[in-house]
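Examination of the molecular architecture
So you can see what is in the structure, the chains are spelled out below.
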Amino acid sequence: MIIASNSENCFSLSSWSHNKEDPHFATQQDVFNDLGQSCLDNAWKGYNVSLFAYGQTGSGKSYSMVGYGEDIGIVPMMCKEIFRRIEEQDKTGDGSVTFRVDASMIEIYNEQVRDLFNPSNNKPGGLEVCLITK
Ligand SMILES: Nc1ncnc2c1ncn2[C@@H]1O[C@H](COP(=O)(O)OP(=O)(O)OP(=O)(O)O)[C@@H](O)[C@H]1O
Ligand SMILES: [Mg+2]
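Residues numbered from 1 in each chain as written. Chains lettered and ligands numbered in written order. Predicted model: local features only at pLDDT ≥ 70, side-chain atom pairs only at ≥ 80, totals over all residues.

A tally of helices and strands in the protein chain yields three helices and six strands. Going from N to C terminus, the protein chain has its helices and strands arranged as β-β-α-α-β-β-α-β-β. Looking at the 134 residues of the protein chain, the share that counts as buried comes to 7%. Put simply, of all contacts in the protein chain between residues at least 6 apart along the chain, 25% involve residues at least 24 apart. (Helix = DSSP H or I, 4+ residues; strand = E, 2+ residues; numbered from the N terminus. Buried ≥ 20, exposed ≤ 12 C-beta atoms within 10 Å, placed from the backbone. Contact = placed C-beta atoms within 7 Å.)

On to unusual backbone geometry, then. Leave glycine aside and you will find that most residues have negative phi; peptide bonds, for their part, are mostly trans. Despite not being glycine, N110 has its phi angle at roughly 50 degrees, a positive value. Residue class for N110 comes out exposed when judged on the 7 C-beta atoms lying within 10 Å of it. Positive phi outside glycine occurs at E111, with the angle close to 65 degrees. Assignment of secondary structure puts E111 in the loop between β5 (106-109) and β6 (112-115). Residue E111 is classed as exposed on the basis of its C-beta count, with 6 C-beta atoms lying within 10 Å.

A separate point is the pairing of β6. Bridge count between β5 and β6: four bridges; the pairing is antiparallel. Within the sheet, the bridge partner assigned to I106 lies in β6 and is D115. Remark: two residues form the turn of the hairpin made by β5 and β6, two consecutive strands paired antiparallel; N110 in that turn has positive phi of roughly 50 degrees. (Pairing = 2+ DSSP bridges.)

Here we come to the site of ligand 1. Around ligand 1 sit S17, G55, T57, G58, S59, G60, K61, S62, Y63 and Y68, and that is every residue in its neighbourhood. When residues of the shell around ligand 1 are assigned to their parent elements, the largest contribution, three residues, is made by helix α2 (residues 61-65). Class assignment for the residues of the shell around ligand 1 results in two nonpolar, seven polar and one charged. (Near = placed C-beta within 6 Å. Nonpolar A, V, L, I, M, F, W, Y, C, P; charged D, E, K, R; others polar.)

And the structure:
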């Protein structure tokens, strides 16, 4: 179950993916369309964007954000879409725009920020976000 809220702190959508046979079943693509697509669109316009997954253990944060096996989640879908858009722009544009993609991956666990790309970077007490590996 995913419940998303808007900036006024009202819940704006919910999706449910317990039983594939159910007509209300939400696929990973549905979740991406509802949440990931608008984040990507805004990032593409130059805004800083964050998508925060919060919930009790086993509630589906990793499943929705990263995915398992072929059932990929929001992050790999976003990455595919970023490079698809870059390729498209490279083909259709006049070459005056260049793209640079940086990626970091952090986890907040027990209230501490951890660098998932370079675990040796982690120190007791957690990291400041500016020190995270790109
Ligand atoms: N939408 C879904 N469809 C099918 N299976 C799911 C779905 N969401 C979660 N699951 C399954 O439920 C289990 C727990 O999900 P997940 O690992 O994503 O939880 P989590 O919120 O990341 O937990 P933790 O806080 O412990 O990391 C996994 O086996 C996952 O495959
Ligand atoms: Mg998890």
